[in-house]
Amino acid sequence: LLIGGHSLAFYGYPRNTLDIDFLVSEENTDEWFSQLRRLGYVKIHHQDPFAQFTASGQIPIDLMIVSPATWEKLLGNSRDFPFEGLTLQIPAPEHLVALKLHSATSPYRARVGQDWEDIRQLVILQNLDPKNPPFRDVILRYGNEACLHKIEGFCHDHRN
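Residues numbered from 1 in each chain as written. Predicted model: local features only at pLDDT ≥ 70, side-chain atom pairs only at ≥ 80, totals over all residues. Heavy atoms only, no water.

A.B. asks: Which residues make up the pattern of salt bridges, and what are the values?
C.D. replies: Applying the stated rule across the entire model yields 5 salt bridges. One salt bridge in this structure joins K100 and D118, with 2.7 Å as the shortest N-O distance. Of the two residues, K100 sits in helix α4 (residues 93-104) while D118 sits in helix α5 (residues 112-125), which places them 18 residues apart along the sequence. Among the residues examined, K100 registers a relative accessible area of 9% and is labelled buried. Note on D118: relative accessible area 0%, which makes it buried. Here E117 ties to R120 by a salt bridge, and the two come within 2.9 Å at their closest N and O atoms. Residue E117 and its partner R120 are both found in helix α5; the two are separated by 3 residues, about one turn of the helix. The exposure class of R120 is partly exposed, given its relative accessible area of 28%. (Salt bridge = Lys/Arg side-chain N within 4 Å of Asp/Glu carboxyl O. Helix = DSSP H or I, 4+ residues; strand = E, 2+ residues; numbered from the N terminus. Buried < 20%, exposed > 50% of the residue type's maximum accessible area, 1.4 Å probe, protein only.)

Structure (structure tokens):
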């Protein structure tokens, strides 16, 4: 599944990013690593659940590795987008928010401001309602009450 900055463009929020991010099942990690090596990529960082690869003259690739159950859930609710003769699968907007909340609340994340702007844009552009119980549950599961209030503020600010 395509995630990260490039996935946001398909939901109406294009932004510059220096890498391509994919979400993969841990069952397929060895296959991904092998394919990337065949394409000339070198693993420069791997600390579960993230792996980063680079190749001379190529765009860097980051992998977020998830359990098979999480993979199936995100894949089952993903959306297909045509792109240059391909069909890209991208998680539903609510699930992208969950991934961004996971990143934004990580103590190791350096780009928290960008994560919150991505969340704000997804919420506004996709008309996500934090009062809707399934979305509210996602926010509280991958964030906390403070995250919920911040997202409610995005909606309030947008309406005014």
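Having seen it, we continue.
A.B. asks: Give me the nonpolar core: which residues, what numbers.
C.D. replies: Of all hydrophobic cores here, the largest spans 33 residues; its most connected members are L23, V97 and I151. Element by element, the count of residues in this core is highest for α4, at 6 residues. Judged by nonpolar contacts, the second largest core, of 10 residues, contains L36, A51, L63 and I65. (Core = buried A, V, L, I, M, F, W, Y, C linked by side-chain atoms within 4.5 Å.)

A.B. asks: Explain helix α2 (residues 29-38) to me, and be specific about the residues and the numbers.
C.D. replies: Taken as a whole, α2 has its buried residues at T29, F33, S34 and L36. Viewed along the axis of α2, the buried residues span an arc of 165 degrees, placing them on a single side of the element. Facing away from the buried side of α2 by more than 90 degrees, the exposed set consists of E31 and R38. Buried-residue contacts for α2 involve β2 (20-25), β3 (42-47), β4 (50-54) and β5 (61-66). Residue G40 follows α2 closely and has a positive phi angle near 95 degrees. (Arc of directions from axis to C-beta. Contact = heavy atoms within 4.5 Å.)

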